Amino acid sequence: EAEVAQSPRYKITEKSQAVAFWCDPISGHATLYWYRQILGQGPELLVQFQDESVVDDSQLPKDRFSAERLKGVDSTLKIQPAELGDSAMYLCASSLGPSKGQFFGPGTRLTVL
Amino acid sequence: KNQVEQSPQSLIILEGKNCTLQCNYTVSPFSNLRWYKQDTGRGPVSLTIMTFSENTKSNGRYTATLDADTKQSSLHITASQLSDSASYICVVSRMDSNYQLIWGAGTKLIIKP
């Protein structure tokens, strides 16, 4: 069964360092999402792509976060510089379209020291 | 304001027992309502998706109901198993250009032997 792939699964970094997360969606899924989830809360949407275009990044802290999906397939989320408050689970999801069900990857657990 | 509220916040039941989780929403305009199961440290997995016209949808031992008039949904789990221990998240999709998802905070369910 096709799955959304994410790497790394775990990342520990010191504050002010740069970190990057990678996501490979299910083949054929045009819509890709990056979420941040703090323990005990629901996921918070950071950015939504339709193919290679950003359609919603209203909650993305643009002073330190960036996301790209250059060829409309895999995607990278970057944080520079990382802050203590960025410690969270970063989830990637994909879907055939924005109205369709989302499939989530296993997530990247980020710890900022 | 678009909100999704879930109750209870947490629940402990014995293996083999049934339970019902609640979801109330004030999201408008409504597109669909989704229930996700999220194991600790993993990404959410979709259980059901219901549109306005659907009152009930089942997925194995999971049965979701939707009352679009009162804006309430429930997830009923029958004959619980230890593997049902997880967080269950209710998500409502808005009928807008990006089908924005409004996430609940989840109900943490613990099944005890």
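Definitions and cut-offs
- Residues numbered from 1 in each chain as written.
- Chains lettered and ligands numbered in written order.
- Predicted model: local features only at pLDDT ≥ 70, side-chain atom pairs only at ≥ 80, totals over all residues.
- Heavy atoms only, no water.
- Contact = heavy atoms within 4.5 Å.
- Buried area = accessible area lost by both parts, 1.4 Å probe.
- Salt bridge = Lys/Arg side-chain N within 4 Å of Asp/Glu carboxyl O.
- Polar contact = N/O pair within 3.5 Å; in protein donor to acceptor, adjacent residues only side chain to side chain.
- Helix = DSSP H or I, 4+ residues; strand = E, 2+ residues; numbered from the N terminus.
- Nonpolar A, V, L, I, M, F, W, Y, C, P; charged D, E, K, R; others polar.
- Disulfide = S-S within 2.5 Å.
- Buried < 20%, exposed > 50% of the residue type's maximum accessible area, 1.4 Å probe, protein only.

**Student:** Tell me about the interface of chain A and chain B, and please be specific about residues and values.
**Tutor:** Where interface size is quoted, it is often the accessible area lost as the parts come together. Contacts between the two partners involve 20 residues from chain A and, on the opposite side, 16 residues from chain B. Interface area for chain A against chain B, summed over the two sides, is near 1400 Å², with a carbon-plus-sulfur share of 51%. Counting every contact that joins chain A to chain B gives 0 salt bridges. Where chain A touches chain B, the interface holds 3 residue pairs in polar contact (both at pLDDT 80 or more). Elements represented by at least two residues in the side of chain A that touches chain B include exactly strand E4 (31–37), strand E6 (53–56) and strand E9 (88–95) of chain A. Across the side of chain A that touches chain B, the residue classes tally to 8 nonpolar, 9 polar and 3 charged.

**Student:** Quick rundown of the state of the cysteines? Include the residues and the values.
**Tutor:** Tallying each qualifying case throughout the model produces 2 disulfides over all chains. With its sulfur 1.9 Å from that of its partner, A:Cys23 forms a disulfide with A:Cys92. Residues A:Cys23 and A:Cys92 are joined through a disulfide that is left-handed, its torsion about the S-S bond being -70°. Residue A:Cys23 is located in strand E3 (residues 19–24), and its partner A:Cys92 is located in strand E9; the two are separated by 69 residues in the primary sequence. Take A:Cys23 and A:Cys92: they sit in the same class, and that class is buried. At a sulfur-sulfur separation of 2.0 Å, the disulfide partner of B:Cys23 is B:Cys90. Across the S-S bond of B:Cys23 and B:Cys90 the torsion is about -65°, and the bridge reads as left-handed.

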